[in-house]
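# A structural walkthrough
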Amino acid sequence: MDDNINCEYKKYLDEGIYNIQDGKYESAIQNINKSLELKNDWEIPYFYRAVAYQALENFNEAMLDYTKALQINDKMTDAYYNRARITLSRKDIENPAVNAARDDLEKALELDPCFIDALYAMAAAQKKLGNYILAIEYLDKLLTLEPDAVNAKALKKLIENKYL
């Protein structure tokens, strides 16, 4: 790759990441699009564009970009987690694909077994699926890693009192 193009795509990508940090998501998408016009075989721009789309609640575009990033690099723990989070939190579709979210969370936890947020999300997914004992197991693992996790304690108490 020509050094000028290499520097140019990186400049746009960096600017897009700075835009995201500043909450300027539309600008971030524009800069990342320019980066992708110059180099589109790297997962990072797709990941960050998905983050911007997700912040704008453009969930379909975010899902496409997380998927593209994972097609290029299937070791992106955060892409699996973010994709699952979108699926589990969507209010704009009647029946979110909880099983797909669970699969993404399994992959994220396979890559990082101590990913606290993924453990919590997995417990929530298992609860939605009616797998209450499994949900408790994920919460127990989370609480072993982070004993003061208030949300995990609350969800565990809810499951134990209401569903078991």
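Structure: see above.
Right, let's get into the pattern of salt bridges. Across all of its chains, the model carries 10 salt bridges by this definition. The residue Lys 39 makes a salt bridge to Asp 41 at a minimum N-O spacing of 2.7 Å. Arg 102 serves as the salt-bridge partner of Asp 103, at 3.3 Å between the closest nitrogen and oxygen. The class of Asp 103 is partly exposed, set by a relative accessible area of 39%. With a relative accessible area of 21%, Arg 102 lands in the partly exposed category. Here the salt bridges share partners, and the residues they tie into one network are Arg 102, Asp 103 and Glu 106.

Okay, the packing of aromatic side chains next. Counted under the stated rule, the structure contains 5 aromatic pairs. With 6.1 Å between their ring centres and 90° between their planes, Tyr 9 and Trp 42 make a pair best called edge-to-face. Of the two residues, Tyr 9 is situated in helix α1 (residues 3–21) and Trp 42 in the loop between α2 (25–38) and α3 (43–55); the sequence distance between them amounts to 33 residues. When the centroid spacing of 4.5 Å and the interplanar angle of 15° are considered together, the rings of Tyr 132 and Tyr 163 count as stacked. One end of the pair, Tyr 132, is in helix α8 (residues 132–145); the other, Tyr 163, is in the segment after α9 (150–162), with 31 residues separating them in the sequence. Judged by its relative accessible area of 30%, Tyr 163 falls in the partly exposed class. Through a chain of ring-to-ring contacts, the aromatic side chains of Phe 47, Tyr 48 and Tyr 66 assemble into a single cluster.

Looking now at the packing of α3 against helix α5 (residues 77–89). Two elements in contact, α3 and α5, have axes whose closest approach is 11 Å; the angle formed by their N-to-C orientations is 25°. One element, α3, and the other, α5, form an angle in the roughly parallel class. For the element pair α3 and α5, the recorded crossing hand is left-handed. On the side of α3, the interface is formed by Phe 47, Val 51 and Gln 54, while α5 contributes Asp 78, Ala 79, Asn 82, Arg 85 and Ile 86. Split by residue class, the contact of α3 with α5 holds 4 nonpolar, 2 polar and 2 charged.

This next bit is on α9. Across its 13 residues, α9 extends 18 Å between first and last C-alpha, which sits within 8% of the 18 Å expected from 1.5 Å per residue. Ala 152, Leu 155 and Ile 159 are the residues of α9 that are buried. One side of α9 holds all its buried residues, which, seen down the axis, span an arc of 65°. Pointing more than 90 degrees away from the buried face of α9 are the exposed residues Val 150, Lys 157, Asn 161 and Lys 162.

With that out of the way, let us pick up helix α7 (residues 116–128). For α7, with 13 residues, the first-to-last C-alpha span of 19 Å sits near the 18 Å given by 1.5 Å per residue. Buried within α7 are the following residues: Ala 118, Leu 119, Ala 121, Met 122, Ala 123, Ala 125 and Gln 126. Where α7 is buried, its residues meet α5, α6 (98–111), α8 and α9. Just downstream of α7 lies Gly 130, where phi reads positive at about 85°.

About the cut-offs
Residues numbered from 1 in each chain as written. Predicted model: local features only at pLDDT ≥ 70, side-chain atom pairs only at ≥ 80, totals over all residues. Heavy atoms only, no water. Salt bridge = Lys/Arg side-chain N within 4 Å of Asp/Glu carboxyl O. Buried < 20%, exposed > 50% of the residue type's maximum accessible area, 1.4 Å probe, protein only. Phe/Tyr/Trp six-rings, centres within 6.5 Å; stacked < 30°, edge-to-face > 60°. Helix = DSSP H or I, 4+ residues; strand = E, 2+ residues; numbered from the N terminus. Axes fitted to C-alpha atoms, helices over the stretch in contact; angles between N-to-C directions. Parallel < 35°, antiparallel > 145°, perpendicular 65-115°, else oblique. Left-handed = near helix turned anticlockwise from the far one by under 90°. Contact = heavy atoms within 4.5 Å. Nonpolar A, V, L, I, M, F, W, Y, C, P; charged D, E, K, R; others polar. Expected span 1.5 Å × (residues − 1). Arc of directions from axis to C-beta.

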